[in-house]
Amino acid sequence: MALAERMERALNDQITRELSASLAYLQMAAHFEAEERPGMATWMAAQSGEEAVHARMFIDYVVDRDGRVEIGAIDAPASKFDSPLHVFEEALRHERAVTEEIRNLYRLASELDDLESLPFLQGFLVEQVEEEALVSGICERIGRLEGNEVGLALIEAELGARTAEGEE
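From a predicted model like this one, the values you see are computed outputs, not experimental measurements.

Novice: Just to check I follow, could you spell out the nonpolar core for this structure?
Specialist: By size, the foremost hydrophobic cluster in this structure holds 20 residues, and its most contacted members are Met44 and Phe88. Elements with a contribution of two residues or more to this core: α1 (5-34), α2 (38-64), α3 (84-111), α4 (117-145) and α5 (149-160). Discounting chain neighbours no more than four positions away, the residues touching Phe88 are Phe32, Met40, Trp43, Met44, Val135, Ile138, Cys139, Ile142 and Leu159.

Structural data, given as structure tokens:
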């Protein structure tokens, strides 16, 4: 079943957002590499890869629905951060924005009676609950440390254990 034109445009916008998020996380990884925080860099690089996989899933979905994929322009991500907490707060802001956009896609699919898109989007909504909780928890933990390098090193070791597939 072909996609409605509005849904196709909205899904293409989401593909662009997912790729933008991937670049933002890659920039955050590069920041942590420069700051000699390899565990946090590993975590952000894995997150970047996960966002790229999400973009690919949206691309495949549009193609499967006989749509045309059109990736939009992507602005350069923020590259200057004050602290590890600032980086993770930016990551949380990103995740919350992605959640809202997927919710908007779900609303649009409902409005257009696009029943096929609802289960596809539901999977992303479920994942976003997990993503927001994870990043929020990291922010809370780092925030409690108040710059304690030993505590940051422990969190970094934990984050560095994340595998390339995004498993923790």
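Novice: For this particular structure, what's the right way to read a nonpolar patch on the surface?
Specialist: Taken together, the side chains of Leu23, Leu26, Ile71 and Ile74 define a hydrophobic patch exposed on the protein surface, amounting to about 320 Å² of accessible area. Topologically, Ile74 is positioned in the loop between α2 and α3.

Novice: Please clarify how α2 should be interpreted in this entry.
Specialist: One turn of the α-helix equals 3.6 residues, which is why residues spaced by three or four share an orientation. The end-to-end C-alpha separation of α2 is 39 Å, in line with the 39 Å expected for 27 residues at 1.5 Å each. One or two steps after α2, the chain reaches Asp66, where phi turns positive at roughly 65°.

Novice: Would you take a moment to explain the packing of α2 against α5 for this structure?
Specialist: When two helices pack together, their arrangement is captured by the angle between the axes and the distance separating the axes. Remark: α2 packs on α5, axes separated minimally by 7 Å, with the N-to-C direction vectors making an angle of 40°. The hand of the α2/α5 crossing is left-handed. Contact residues: Pro38, Gly39, Met40, Thr42 and Trp43 in α2; Leu152, Glu156, Leu159 and Gly160 in α5. Partitioning the contact of α2 with α5 into residue classes produces five nonpolar, three polar and one charged.

Novice: What exactly am I supposed to notice about unusual backbone geometry here?
Specialist: With glycine set apart, most residues show a phi of negative sign, and most peptide bonds adopt trans. Its identity is not glycine, yet Glu36 carries a phi of approximately 55°, on the positive side. Structurally, the position occupied by Glu36 is in the loop between α1 and α2. For Asp66, which is not glycine, the phi torsion reads 65° and is therefore positive. Residue placement: Asp66 occurs in the loop between α2 and α3. Taking relative accessible area as the criterion, Asp66 reaches 62% and is therefore assigned exposed.

Novice: Help me understand the packing of α4 against α5 in this model?
Specialist: As a packed pair, α4 and α5 sit with axes 9 Å apart at the nearest point and diverge in direction by 160°. Viewed along their axes, α4 and α5 adopt a mutual orientation that is roughly antiparallel. Mapping the contact onto sequence places Ile138, Arg141, Ile142 and Leu145 in α4 and Gly151, Leu152, Ile155, Glu158 and Leu159 in α5. In terms of residue class, the contact of α4 with α5 is made up of six nonpolar, one polar and two charged.

Novice: I'm lost on the packing of aromatic side chains in this one. Help?
Specialist: When we look at a pair of aromatic rings, we describe it by the centre distance and by the angle of the planes. If you walk through the whole model with that rule in mind, you get six aromatic pairs. Geometrically, the ring pair formed by Phe32 and Phe88 is tilted, given 5.8 Å between the ring centres and 35° between the ring planes. Here Phe32 is found in helix α1, whereas its partner Phe88 is found in helix α3, with 56 residues between them in sequence. Each member of the pair Phe32 and Phe88 is classed as buried. Centroid distance Trp43 to Phe88: 5.5 Å. Interplanar angle 55°. Geometry classified as tilted. With a gap of 45 residues between them, Trp43 in helix α2 and Phe88 in helix α3 connect regions that are remote in the sequence. Comparing Trp43 with Phe88 shows no difference in burial state: the two are buried.

Rules behind the numbers
Residue numbers here run from 1 along each chain, matching the order of that chain's written sequence. In keeping with the predicted nature of the model, local features appear solely for residues at pLDDT of at least 70, side-chain atom pairs appear and are counted solely at 80 or more, and the whole-chain, interface and lining totals rest on all residues. Hydrogens and waters are ignored; side-chain quantities use all the structure's heavy atoms. Buried residues of nine kinds, namely Ala, Val, Leu, Ile, Met, Phe, Trp, Tyr and Cys, make up a nonpolar core once their side-chain atoms join them within 4.5 Å. Exposure categories follow from relative accessible area, calculated using a 1.4 Å probe and restricted to protein chains: below 20% of the type maximum is buried, above 50% is exposed, and the middle band is partly exposed. In this text, helices come from DSSP runs of H or I with a minimum length of four residues, and strands from runs of E with a minimum of two, each type numbered from the N-terminal end. Residues are treated as being in contact if the distance between any of their heavy atoms lies within 4.5 Å. Only residues whose relative accessible area exceeds 30% and that form no salt bridge are eligible for patches; like-charged ones are grouped when within 9 Å, while nonpolar side chains (Val, Leu, Ile, Met, Phe, Trp, Tyr) are grouped when within 5 Å. What sets the accessible areas is the Shrake-Rupley method with a 1.4 Å probe; for residues, cover comes only from the shown protein chains. In the sections that follow, a salt bridge refers to a side-chain nitrogen of Lys or Arg positioned within 4 Å of a carboxyl oxygen of Asp or Glu. Expected span, for any helix, means 1.5 Å times one less than how many residues it has. As a rule, the C-alpha atoms of each element are fitted with a line to give its axis, helices using only the stretch in contact, and angles between N-to-C directions run from 0 to 180 degrees. Should the near helix be turned anticlockwise from the far one by less than a right angle, the crossing is left-handed, and should it be turned clockwise, the crossing is right-handed. The residue classification treats Ala, Val, Leu, Ile, Met, Phe, Trp, Tyr, Cys and Pro as nonpolar and Asp, Glu, Lys and Arg as charged. All others, Gly included, are polar. Throughout this description, any angle smaller than 35 degrees is read as roughly parallel, any larger than 145 degrees as roughly antiparallel, any in the 65 to 115 degree range as roughly perpendicular, and the remainder as oblique. Pairing of aromatic side chains requires ring centres within 6.5 Å, counting the rings of Phe and Tyr and the six-membered ring of Trp. Pairs whose planes differ by under 30 degrees are stacked, by over 60 edge-to-face, and all others tilted.

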